[in-house]
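So you can see what is in the structure, the chains are spelled out below.
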Amino acid sequence: MDERRVMSIVNNDGSVEKVEIVVSFKFKDTGMEYVVYTKNEKDANGNVTVYVSNIDRNAETPKLLGVSSDAEWSRIKDVLRELSKEV
């Protein structure tokens, strides 16, 4: 059975959009939590576009934040590489 996980995100303009969660993970050493999701858009080469956001759970409603540093991106890319090997 193919169970897709879907979440709703509220855009800056207040519109709500449903997206599909690809994977979520948390770094144990920093406690930083991330979600990789897609809107099932395809680029010019036919590849599905994915987005990565840092999850901030300090507010009443969790917020998706951008990735703020090259070091953070490097660690995220390492996780994604490992996950792609498992598929």
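Thresholds, definitions, all that
Residues numbered from 1 in each chain as written. Predicted model: local features only at pLDDT ≥ 70, side-chain atom pairs only at ≥ 80, totals over all residues. Heavy atoms only, no water. Pairing = 2+ DSSP bridges. Helix = DSSP H or I, 4+ residues; strand = E, 2+ residues; numbered from the N terminus. Axes fitted to C-alpha atoms, helices over the stretch in contact; angles between N-to-C directions. Contact = heavy atoms within 4.5 Å. pLDDT = per-residue confidence, 0-100. Salt bridge = Lys/Arg side-chain N within 4 Å of Asp/Glu carboxyl O. Buried < 20%, exposed > 50% of the residue type's maximum accessible area, 1.4 Å probe, protein only. 1 Å grid on protein atoms, 1.4 Å probe; cavity = no way out; pocket = protein on both sides within 12 Å on 5 of 7 lines; lining within 4 Å. Points joined across faces, edges and corners; volume = space filled by probe spheres on them.

Engineer: Sorry if this is basic, but what is going on with the sheet that holds strand β1 (residues 5-10) here?
Structural biologist: Whether parallel or antiparallel, the strands of a sheet pair through hydrogen bonds between backbone atoms. Taken together, 5 strands build an open sheet; the order of strands is β1-β2-β3-β4-β5 and the sheet is antiparallel. Because the sheet does not close on itself, it has two edges, and the strands there are β1 and β5 (63-65). Going across the sheet, the axis of each strand differs from the next one's by a mean of 50°, ignoring polarity. Across 6 bridges, strand β2 (residues 16-26) lies against strand β3 (residues 33-42) in antiparallel orientation. Note that in β3 the partner of valine 23 across the bridge is valine 36. Seen against the sheet, helix α1 (residues 70-86) touches β2, β3 and β4 (48-56) and runs at an angle of roughly 125° to β4.

Engineer: So what exactly am I meant to see when it comes to the confidence of the model for the protein chain here?
Structural biologist: Low pLDDT marks stretches whose predicted atomic positions should not be read closely. Considering every residue of the protein chain, the mean pLDDT works out to 91; 97% of them sit at 70 or more. Ranking the elements of the protein chain by mean pLDDT puts α1 last with 89 and β2 first with 95.

Engineer: How should the pattern of salt bridges be read in this particular structure?
Structural biologist: Tallying each qualifying case throughout the model produces 6 salt bridges. A salt bridge links aspartate 29 to arginine 75, with the shortest nitrogen-to-oxygen separation between them at 3.0 Å. With a gap of 46 residues between them, aspartate 29 in the loop between β2 and β3 and arginine 75 in helix α1 connect regions that are remote in the sequence. A salt bridge links aspartate 78 to arginine 81; the nearest nitrogen and oxygen atoms lie 2.9 Å apart. Here arginine 81 and aspartate 78 lie together in helix α1, a separation of 3 residues that amounts to about one turn. For aspartate 78, a relative accessible area of 41% translates into the label partly exposed. For arginine 81, a relative accessible area of 46% translates into the label partly exposed.

Engineer: Any chance you could explain the environment of asparagine 40 here in plain terms?
Structural biologist: Inspection of the secondary structure puts asparagine 40 in strand β3. By relative accessible area, asparagine 40 is classed as partly exposed at 46%. For the pair formed by asparagine 40 and valine 6, sequence separation is 34 residues and the distance between their alpha carbons is 12 Å. The contacts of asparagine 40, once residues within four sequence positions are left out, are Arg4, Glu20 and Val48.

Engineer: Help me understand the layout of surface pockets, please; the structure alone is not making it clear to me.
Structural biologist: The method is simple in principle: a probe with the dimensions of a water molecule rolls over the atoms, and the space it marks as empty is what remains. There is about 460 Å³ of room inside the largest pocket. Lining the largest pocket are 19 residues, with Ser8, Ile9, Pro62, Lys63 and Leu64 positioned closest to its centre.

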